Amino acid sequence: MNFLKNLSRRGFLGSAAAAPVALAQSPAPEKTYRLTRDVPMEQGYDIVVAGGGPSGAAAAISAARLGAKVLLVEAIGSMGGMGTNSYVSNWYSLNNGEEVVVGGFIVELIQTLYKNKQVAPAAVEDIENGRLLNAVGFNPEGLKILFDKLAHDAGVEVRYFTRVIDVDVDRASKRVNGVVTSNIEGYRYIAAKAFIDCTGDAVLTTLTGAKVRSAGKDTPNIMPPTLCAMITDIDYDRMKKGQQQAMVEKAIAEDFFTQADRHVPGLFRSGATTATMNAGHLFHMDALNCRSLSDGMVHGRQLAQEYAAFYRKYMAGCENMQVAATATLMGVRESRRILGEYEMNYADFQARRHFPDQIAIYCKAVDIHVYDLGPDEYKRYYEEFSTADRLKKGESYGIPYGVLVPKGWSNLWVGGRAVSTDLKVNGAIRDQPACSMLGQAAGTAAVQSIRTGQPAYDLDTRQLVTTLRKAGAKLPQPTLTKELTRTSL
């Protein structure tokens with residue numbers, strides 16, 4: 001217990017009231033060191049994509065299929081991000097009760113995973129019985145292999161274990177000339193015509209000096225992440241997920257947990273006896289601080305074992321379940337968001353607004369997880385997600401092109417959870433299906449920009465939407481315009 005008490009002192013076990021964020025901080029440097037060196041230069045690429053998560057993989061593959069020479073750099077050893085390396089191996093909010101709203105590359109992934117027998121039984125039943133597909137659990141290893149194949153077939157050059165660590169920009173024209181990467185071979189300067197930031201944390205964009213909003217700095221709190229785990233040996237014939245909340249309350253009353261967290265997303269089936277376990281908020285963890293992130297990984301592994309013990313004790317069918325592995329990538333829900341040509345806001349969401357230049361439609365509710373352990377905070381989350389912001393049958397909302405472009409930048413796009421939205425909309429569209437569609441749009445836009453000379457901030461969105469539709473994107477807006485929707489920020 002001393003270990004957990006130490007984590008509590010660092011601010012990771014939460015409290016009944018809100019506490020200051022990012023209590024675990026890296027020590028401030030006392031001195032500086034000036035690094036000057038010659039870096040080998042590589043040229044000839046059309047597009048560099050930073051980050052190979054659901055958005056980056058979609059961006060790179062979509063752009064390469066359109067004929068661009070694409071380099072994808074990814075910090076760890078596989079693509080897929082949250083769906084593979086974070087074990088968030090479930091996609092949902094795919095239909096609005098009347099139709100499937102997602103389209104394009106994400107649908108291709110679902111169809112191919114089904115053909116490869118890599119989806120959970122419920123998804124198989126929905127597909128084979130012609131029912132509207134709402135959720136797809138899948139084997140994360142199967143998705144890794146699929147991304148590798150699709151990237152290879154499209155001609156994407158992939159460099160794993162590689163990070164973008166610096167950029168070369170012309171700030172007067174807001175144009176990126178190249179990026180500096182680091183891997184086992186050292187540093188490389190890579191020049192290209194266009195760049196897409198799919199790091200999730202807007203790393204590339206921040207290095208350019210473009211404006212961003214940072215959680216805990218520009219917002220009063222940080223939505224807590226979770227370190228998910230892969231779980232085995234569940235008897236699904238006996239496990240009743242509907243009983244989970246009552247059992248969580250019972251366990252809290254019996255002082256079972258080290259933190260009395262009522263918000264437990266739970267188990268999401270990924271195979272015959274396997275599941276992703278999404279449980280255990282890491283309160284006050286700051287994904288933009290290395291010390292905080294490191295401590296969060298340590299605490300997250302402890303919580304995974306604690307919640308596995310909870311399921312074994314309290315949930316029928318889980319008596320023999322085991323933690324096969326904890327994720328290698330933290331399940332971050334909030335870090336940075338760019339300030340783009342358009343900042344999609346909660347009023348847009350409430351109005352179920354659609355845009356002439358929308359590059360995706362979606363139907364997930366606002367999903368802002370609890371910030372602390374207080375009962376009022378859990379009530380806020382439950383009422384907001386389950387009632388106030390739940391879409392009605394047939395409803396959806398559009399995501400306009402301008403959220404992808406840091407304001408005024410010529411050849412830089414952003415995909416994934418770091419796009420330009422307010423906090424509540426970010427809570428709705430940070431999920432993988434939306435991120436995949438955002439990435440596909442960013443990759444398509446980058447190719448169009450290179451071929452036409454249109455800058456990112458003034459792209460012909462009629463042409464973009466037409467190209468996306470040809471690639472299977474579901475974009476039902478009846479009117480198209482060349483001009484993108486903008487916000488004055």
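Residues numbered from 1 in each chain as written. Predicted model: local features only at pLDDT ≥ 70, side-chain atom pairs only at ≥ 80, totals over all residues. Heavy atoms only, no water.

Asks: When you look at the overall build of the protein in this model, what are you seeing that I'm missing?
Replies: The number of helices and strands found in the protein is 13 helices and 17 strands. In terms of C-alpha radius of gyration, the protein reaches 22 Å, essentially the compact-globule figure of 23 Å for 489 residues. When each of the 489 residues of the protein is scored for burial, the buried share is 57%. Considering only contacts in the protein between residues 6 or more positions apart, those separated by 24 or more positions represent 75%. For the protein, the exposed surface amounts to about 20,100 Å²; the carbon and sulfur share of it is 50%. Across the protein, the centroid of the 55 positively charged side chains sits 1 Å from that of the 51 negatively charged ones. (Helix = DSSP H or I, 4+ residues; strand = E, 2+ residues; numbered from the N terminus. Rg over C-alpha atoms; globule rule 2.2 N^0.38 Å. Buried < 20%, exposed > 50% of the residue type's maximum accessible area, 1.4 Å probe, protein only. Contact = heavy atoms within 4.5 Å. Areas by Shrake-Rupley, 256 points an atom, 1.4 Å probe, with all protein chains shown as cover. Lys, Arg positive; Asp, Glu negative; His and termini not counted. Charge placed at Lys NZ, Arg CZ, Asp CG, Glu CD.)

Asks: Explain the packing of aromatic side chains to me, please; I cannot follow it from the model alone.
Replies: To describe a pair of aromatic rings, one takes the distance between the centres and the angle between the planes. Taken as a whole, this structure holds 15 aromatic pairs when the rule is applied. Seen from their ring centres, tryptophan 91 and phenylalanine 138 are 4.3 Å apart, and the 40 degrees between their planes marks the pair as tilted. With tryptophan 91 in strand E3 (residues 90-91) and phenylalanine 138 in the loop between strand E4 (136-137) and helix H5 (140-154), this pair connects stretches of sequence that are 47 residues apart. Grouping residues by exposure puts tryptophan 91 and phenylalanine 138 together as buried. (Phe/Tyr/Trp six-rings, centres within 6.5 Å; stacked < 30°, edge-to-face > 60°.)

Asks: Is there a simple way to explain the environment of lysine 407 in this structure?
Replies: For lysine 407, the location among the structural elements is in the loop between strand E16 (397-400) and strand E17 (412-414). Of the residues examined, lysine 407 reaches a relative accessible area of 32% and is grouped as partly exposed. Counting along the chain gives 49 residues from lysine 407 to alanine 456, while the straight-line C-alpha distance between them is 9.3 Å.

Asks: What is the right way to look at the side chain of threonine 208 in this model?
Replies: Residue placement: threonine 208 occurs in helix H6 (residues 203-208). Threonine 208 gets classed as buried once you look at its relative accessible area, which sits at 0%. Only 3.1 Å separates the side chain of threonine 208 from the backbone nitrogen of alanine 210, close enough to count as a polar contact. Apart from the residues within four sequence positions on either side, threonine 208 is in contact with Val167, Val169, Arg171, Val176, Trp409 and Leu412. (Polar contact = N/O pair within 3.5 Å; in protein donor to acceptor, adjacent residues only side chain to side chain.)

Asks: Explain the state of the cysteines to me, please; I cannot follow it from the model alone.
Replies: Covalent bonding between the sulfur atoms of two cysteines is what defines a disulfide. By the definition in use, this model includes 0 disulfides. You can see cysteine 363 has no disulfide; the closest cysteine sulfur is in cysteine 435, sitting 15 Å from it. The class for cysteine 363 is buried, based on a relative accessible area of 9%. No disulfide involves cysteine 435; its nearest neighbouring cysteine sulfur is the one of cysteine 198, lying 8.9 Å away. According to the relative accessible area criterion, cysteine 435 is buried, its value standing at 5%. (Disulfide = S-S within 2.5 Å.)

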